[in-house]
Protein chains: 2
Amino acid sequence: MKNCIIGQSGGPTAAINASLAGVIEAALQREDIGLVYGSLNGIEGVLKGRITPLNGLFEHQSQLDLLVQTPSSFLGACRYKLPEYQDDPAVYQQIFDFFNAHQIGFFFYIGGNDSMDTVDKLSRFAGQFHQEVRIIGVPKTIDNDLPCTDHTPGFGSAAKYIASTVKEIGRDSAVYDLDSVTIVEIMGRNAGWLTAASCLARTPQSPAPHLIYLPEVPFQTDLFLRQVKEKIAQFHNVMVCVSEGIRDSAGNYICEGASSGLSDIFGHKYLSGTAKVLENLVRDQIGCKARGVELNVSQRCASHFASLTDLQEAKSIGKEAVRCAAKGETGKMMAFCRQNDTPYRLTIEPAAISLAANQEKTVPPSWICCDGSDVTQEMYTYLLPLIQGELSFVMENGLPKHLVLPQA
Amino acid sequence: MKNCIIGQSGGPTAAINASLAGVIEAALQREDIGLVYGSLNGIEGVLKGRITPLNGLFEHQSQLDLLVQTPSSFLGACRYKLPEYQDDPAVYQQIFDFFNAHQIGFFFYIGGNDSMDTVDKLSRFAGQFHQEVRIIGVPKTIDNDLPCTDHTPGFGSAAKYIASTVKEIGRDSAVYDLDSVTIVEIMGRNAGWLTAASCLARTPQSPAPHLIYLPEVPFQTDLFLRQVKEKIAQFHNVMVCVSEGIRDSAGNYICEGASSGLSDIFGHKYLSGTAKVLENLVRDQIGCKARGVELNVSQRCASHFASLTDLQEAKSIGKEAVRCAAKGETGKMMAFCRQNDTPYRLTIEPAAISLAANQEKTVPPSWICCDGSDVTQEMYTYLLPLIQGELSFVMENGLPKHLVLPQA
């Protein structure tokens, strides 16, 4: 009988712990899996020998239910980039020595693009050097930019939060009898999925957001100002949703002037200030009231309005990862395959990790209106099932209760 | 039989329409009140002759229920400042001529400090010139800074949203194995009630936010840095909640350098950028990872996680306003009188508007810890009942449904 290790990595989401709960629940139920370890701070936990047994913590279903409703990574996360094997074989040796020392037969890694790169590298090493550890990636990212899967766990909850918040800001921005422009900046470096989700705020009585700009389309300042003016003439209070990562046709970030120049370990620039740049542009060039609103980290960690569909799917994909690994699969990322839009139906299948790692899935050009200021009906059809339903939370003093890993 | 006019004014809240629903429901039920008009954009609607009959719109209870769950001002708002009578008697004449022409016997004004000033001035005029219009203020402000009332409708929902969001950001900010400081900027120019509500995010397992700074206490940069360093040594990932309006001992806003210099019609400066200033300070002076998060307008308009207690109280105070006016009261602001903390009980009473208008109720010094970096147990006891319960929303496509005033 072999043991398993689970790690979480990358930015937080509202659903990453639901996937963890799925993996734990399924692993605890299997007779061919012994101890279930959590690796603290992703793969760094394995490298530093910081793992913790989870069996005792999750003897009761109520603890798994609390885990599902807790945002962010219960086990912590890392931004560690695993080197290529040829550049640093010792790291691989260290990881697999650790696996062998703890009789690890299964490694589940819940994460986004960068984490799938880790899964890819570790499973290639395991294959090449005949290591008997089955390595499975469980996708997670609010950005929805992983290939091979219809969507990613975490995206639906972020989309629901964004749509709800944009709908409320639409109410907020329309109360005064004057012309105004409210610009909401939404996460998304290269992929506009999250910003596109703002379209769900619209109703027949309320067309806000009036304009939606994604990073997939080069941003043209003149066109933007013209489109905003047209909407002001029609609606007075205009709402614009914009991805943090919009760039001009030369590839320069619109936010560049306002950004810090800092970047993370993967070389990703910290983007912010796009709404502020556009706010100033509107105030200077159009002269009306303008306000920029940055939705910030709540997009990824707001679990209090999570999509029940998302949480349930996130848990299911975690369970399926265990089932697949037990059947002998390795070097795979679990993926959602949508079977139907209405009624919504999907299956969960393993996809080759090499096809999923280090790729970004952006919004198809045909789902963006030709003038670049909106999304098409296909986007609504795609998004709508993902935000359905709400969780019945276990509450504590008026707030959803969270499960926090006891400090060692 | 007389008619009534209802207006809403000032910044949006999640509960201002619950108060409107209360006034409408009670007014529609009375045989001594005929038509129920809504004044569009506050008192400006009366001045511009823009009022709309509400009787037909709210024949069905389901419409009132939708109104309760809709954030921001259903009737729109204004920031119009009524001049003193001696400076511009014609405005008063115009308002009361309009009231008389429409046989208005009751004017209900739902708003914050500035709106209570309007109620005060109009009722003084009515008294002095024997106008038979009863004028009642219904309090509303997320800032909770109105005197004469235990708390204000709208505050409980904002507090619940802030506490929930801060709790989630606490999870979000603790995932990496490094020292970090997350600074959350919360609304509050002079009164720290909203920022204080962040204390509700704490649990025995999770002490974030570790530091809370209110505008009632002069902000000392050196002390702040020392307190942050102490918390880093103890907790590694430190969360700080801070009011947008914190000032140094000379009265200068900490955010001043980053702010626009713009101010509104009431002379209030637009404050923002406090978190950004402190983020840079921490990065420069302490050298660890730092992130500023501005909660922004969602604090006031996020209804999707409204406090049921707040919504119910907001509706009740609207109904009581009608009952009081029908009994002959005028020149009053309706107020909550807390009878008990545990179990929580309150009554609703009319307070003299002259005592409520143009006053700000700040956090009592005894509810702030002596080093200025936290609140005391009294604050918890005060806040906890206000955030209890959640509404069962009428949903539409996965989001709470809103009621929008049909365009004329």
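These numbers were taken from a predicted model, which means no experiment stands behind them. (Residues numbered from 1 in each chain as written. Chains lettered and ligands numbered in written order. Predicted model: local features only at pLDDT ≥ 70, side-chain atom pairs only at ≥ 80, totals over all residues. Heavy atoms only, no water.)

> Hey, could you run me through the overall build of chain A in this one?
Of the regular secondary structure elements, chain A holds 13 helices and 13 strands. Rg of the C-alpha trace for chain A: 22 Å, near the compact-globule value of 22 Å for 408 residues, within the 12% margin. Each of the three principal axes of chain A carries a C-alpha extent, and together these read 70 × 45 × 40 Å. A burial count over chain A gives 62% of its 408 residues as buried. Summed over its atoms, the accessible surface of chain A is roughly 14700 Å², and 48% of this surface lies on carbon and sulfur atoms. (Helix = DSSP H or I, 4+ residues; strand = E, 2+ residues; numbered from the N terminus. Rg over C-alpha atoms; globule rule 2.2 N^0.38 Å. Buried < 20%, exposed > 50% of the residue type's maximum accessible area, 1.4 Å probe, protein only. Areas by Shrake-Rupley, 256 points an atom, 1.4 Å probe, with all protein chains shown as cover.)

> Please explain the interface of chain A and chain B as it appears in this structure.
In many reports, interface size means the accessible area that the parts give up when they come together. Across the boundary between the two partners, chain A contributes 60 residues, which contact 60 residues of chain B. Note on chain A versus chain B: buried area summed over both sides is about 4800 Å², and carbon and sulfur give 54% of it. Between arginine 50 of chain B and aspartate 177 of chain A there is a salt bridge, and its shortest N-O distance comes to 3.5 Å. Across the contact surface, chain A and chain B share 27 residue pairs in polar contact (both at pLDDT 80 or more). When contributions to the side of chain A that touches chain B are tallied by element, the ones reaching two or more residues are helix H6 (155-173), strand S9 (289-294), helix H10 (298-301), strand S12 (395-396) and strand S13 (399-400) of chain A. Per element, the largest residue contribution to the side of chain A that touches chain B is 10 residues, and it comes from H6 of chain A. When the residues that make up the side of chain A that touches chain B are grouped by side-chain class, the tally is 23 nonpolar, 21 polar and 16 charged. (Contact = heavy atoms within 4.5 Å. Buried area = accessible area lost by both parts, 1.4 Å probe. Salt bridge = Lys/Arg side-chain N within 4 Å of Asp/Glu carboxyl O. Polar contact = N/O pair within 3.5 Å; in protein donor to acceptor, adjacent residues only side chain to side chain. Nonpolar A, V, L, I, M, F, W, Y, C, P; charged D, E, K, R; others polar.)

> Can you walk me through the relation of the copies chain A and chain B in this structure?
Placing chain A over chain B gives an RMSD of 0.0 Å and needs a rotation angle of 180 degrees, together with 0.0 Å of translation along the axis. These values place the two chain copies in the arrangement generated by a two-fold rotation axis. (Least-squares fit on C-alpha atoms with pLDDT ≥ 70 in both.)

> Please explain the pattern of salt bridges as it appears in this structure.
Two side chains of opposite charge can pair, provided their charged atoms sit close to one another. Scanning all chains against the criterion turns up 38 salt bridges over all chains. Overlapping salt bridges, with partners in common, bring together Glu44, Lys48 and Arg50 of chain A together with Asp177 of chain B in one network.

> Please explain the pairing of strand S1 (residues 2-8) of chain A as it appears in this structure.
A regular strand places its side chains on the two faces of the sheet in alternate fashion. Residues and elements named next belong to chain A. Here S1 lies mainly inside the structure; 6 of its 7 residues are buried. Bridging between S1 and strand S2 (residues 33-39) involves 5 bridges; their strand directions are parallel. Residue lysine 2 lies in a different strand from S2, and its bridge partner there is isoleucine 33. This β-α-β element, S1 to helix H1 (residues 16-29) to S2, shows right-handed connectivity. In terms of strand pairing, S1 meets strand S4 (residues 104-111) through 6 bridges, oriented parallel. (Pairing = 2+ DSSP bridges. Right-handed = clockwise from strand over helix to strand, strands pointing away.)

> Is there a simple way to think about the packing of aromatic side chains in this case?
Aromatic ring pairs: the centre-centre distance and the angle between the two ring planes describe each pair. Following the criterion strictly, the structure yields 34 aromatic pairs over all chains and no others. Here phenylalanine 99 of chain B and phenylalanine 107 of chain B contribute two aromatic rings whose centre-to-centre distance is 5.4 Å and whose plane-to-plane angle is 40 degrees, an arrangement assigned as tilted. In this pair, the class of phenylalanine 99 of chain B matches that of phenylalanine 107 of chain B, namely buried. Counting every residue linked through ring pairs, the aromatic cluster contains Tyr85, Tyr92, Phe96, Phe99, Phe107, Tyr109, Phe125 and Phe129 of chain A. Taking NZ or CZ as reference, lysine 160 of chain A lies 5.0 Å from the ring centre of phenylalanine 305 of chain A, over its face. (Phe/Tyr/Trp six-rings, centres within 6.5 Å; stacked < 30°, edge-to-face > 60°. Lys NZ or Arg CZ within 6 Å of the ring centre and 35° of its normal.)

> I keep staring at the nonpolar core and nothing clicks. Help me out?
What tends to happen in soluble globular proteins is that the nonpolar side chains get buried as a cluster. All names here are of chain B. Within the largest apolar cluster, 43 residues are counted, with the highest numbers of intra-cluster contacts made by Val184 and Met379. Listing elements by their share of this core, those giving two or more residues are helix H6 (155-173), strand S6 (180-186), helix H7 (193-196), strand S8 (237-243) and helix H13 (377-383). Top element by residues in this core is H6. It accounts for 8 residues. Not counting the four nearest positions on each side in its chain, methionine 379 is found in contact with Trp193, Ala196, Val363 and Trp367. (Core = buried A, V, L, I, M, F, W, Y, C linked by side-chain atoms within 4.5 Å.)

> How should the sheet that holds strand S6 (residues 180-186) of chain A be read in this particular structure?
One key point about sheets: their strands pair by backbone hydrogen bonds, in either a parallel or an antiparallel sense. Residue and element names in this part refer to chain A. If you trace the 4 strands from one edge of the open sheet to the other, you get S7-S8-S6-S9, paired in parallel fashion. Sheet topology places strand S7 (211-213) and S9 at the edges, where each strand pairs with a single neighbour. Here the average twist between neighbouring strands, direction ignored, is 15 degrees. Bridging between S7 and strand S8 (residues 237-243) involves 3 bridges; their strand directions are parallel. Looking across to S8, one finds that isoleucine 212 is bridged to cysteine 241. (Axes fitted to C-alpha atoms, helices over the stretch in contact; angles between N-to-C directions.)

> Please explain the side chain of serine 198 of chain A as it appears in this structure.
Examined against the element boundaries, serine 198 of chain A turns out to sit in the loop between helix H7 (193-196) and S7. When near neighbours in sequence (up to four residues on either side) are disregarded, serine 198 of chain A contacts Ile162, Val166, Ile186, Pro209, Ile212 and Cys241 of chain A.

> Which parts of the structure should I look at to understand the pairing of strand S11 (residues 345-352) of chain B?
All names here are of chain B. Of the pairings in the sheet, the one linking strand S10 (residues 332-340) to S11 comprises 8 bridges and is antiparallel in character. Within S11, the position partnered with alanine 335 by the bridge is glutamate 349. Remark: 4 residues form the turn of the hairpin made by S10 and S11, two consecutive strands paired antiparallel.

> What am I meant to see in the sheet that holds strand S9 (residues 289-294) of chain B here?
All names here are of chain B. Taken in spatial order, the 4 strands line up as S7-S8-S6-S9 in an open sheet, and their pairing is parallel. Where the open sheet ends on each side, the last strands, each with one partner, are strand S7 (211-213) and S9. For this sheet the average axis-to-axis angle between neighbouring strands, irrespective of direction, equals 15 degrees. In the sheet, S6 pairs with S8 via 7 bridges, with the strands oriented parallel. Bridge pairing in S8 links valine 181 to valine 238. Relative to the sheet, H6 contacts S6, S8 and S9, its axis offset from that of S6 by approximately 165 degrees.

> Sorry if this is basic, but what is going on with the packing of H1 of chain A against helix H3 (residues 61-68) of chain A here?
Each pair of packed helices can be summarised by the angle the axes make with each other and by the distance between the axes. Residues and elements named next belong to chain A. Their axes nearest at 7 Å, the elements H1 and H3 cross at an angle of 155 degrees. Classified by the interaxial angle, the pair formed by H1 and H3 is roughly antiparallel. Listed contacts from H3 to Asn17, Ala18, Leu20, Ala21, Ile24 and Glu25 of H1 are Gln61, Leu64, Leu67 and Val68. (Parallel < 35°, antiparallel > 145°, perpendicular 65-115°, else oblique.)

> Mind showing me how you'd approach helix H5 (residues 113-128) of chain B here?
Residues spaced three or four apart along an α-helix face the same direction, because each turn holds 3.6 residues. Residues and elements named next belong to chain B. The terminal C-alpha atoms of H5, which comprises 16 residues, lie 23 Å apart, in line with the 22 Å expected from a rise of 1.5 Å per residue. The buried fraction of H5 is high, at 13 of 16 residues. Two residues or fewer past H5, histidine 130 is found with a positive phi of approximately 50 degrees. (Expected span 1.5 Å × (residues − 1).)

> How should I be thinking about helix H3 (residues 61-68) of chain B in this particular structure?
Buried within H3 of chain B we find Leu64, Leu66, Leu67 and Val68 of chain B. Summarising the contacts, the buried residues of H3 of chain B are in contact with helix H1 (16-29) and helix H11 (308-326) of chain B.

> Where do I start with the confidence of the model for chain A in this structure?
Close inspection of predicted coordinates is inappropriate in any region flagged by low pLDDT. Of the residues in chain A, 96% reach a pLDDT of 70 or more, and the chain-wide mean stands at 94. The complex model carries a pTM of 0.96, and its ipTM stands at 0.95. (pLDDT = per-residue confidence, 0-100.)

> Is there a simple way to explain the environment of threonine 362 of chain B in this structure?
Residue and element names in this part refer to chain B. For threonine 362, the position within the fold is in the loop between helix H12 (353-356) and H13. The spatial distance from the C-alpha of threonine 362 to the C-alpha of leucine 214 is 9.8 Å, given a sequence separation of 148 residues. When near neighbours in sequence (up to four residues on either side) are disregarded, threonine 362 contacts Asn190, Ala191, Trp193 and Glu216.

> Teacher, can you tell me more about the side chain of threonine 203 of chain A here?
Mapping threonine 203 of chain A onto the fold places it in the loop between H7 and S7. Taking the relative accessible area as the measure of exposure, threonine 203 of chain A reaches 15% and is therefore buried.

> What is the right way to read unusual backbone geometry from this model?
Excluding glycine, residues mostly carry a negative phi; peptide bonds, for their part, are mostly trans. Along the chain, alanine 208 of chain A connects to proline 209 of chain A via a cis peptide bond; the corresponding omega equals 0 degrees. With respect to the helices, strands and loops of the structure, proline 209 of chain A is situated in the loop between H7 and S7. Residue serine 72 of chain B is not a glycine yet carries a positive backbone phi of 70 degrees. Located in the positive-phi region is asparagine 296 of chain B, a residue other than glycine, with phi close to 65 degrees. Inspection of the secondary structure assignment puts asparagine 296 of chain B in the loop between S9 and helix H10 (298-301). Take asparagine 296 of chain B: its relative accessible area is 7%, and that puts it in the buried class.

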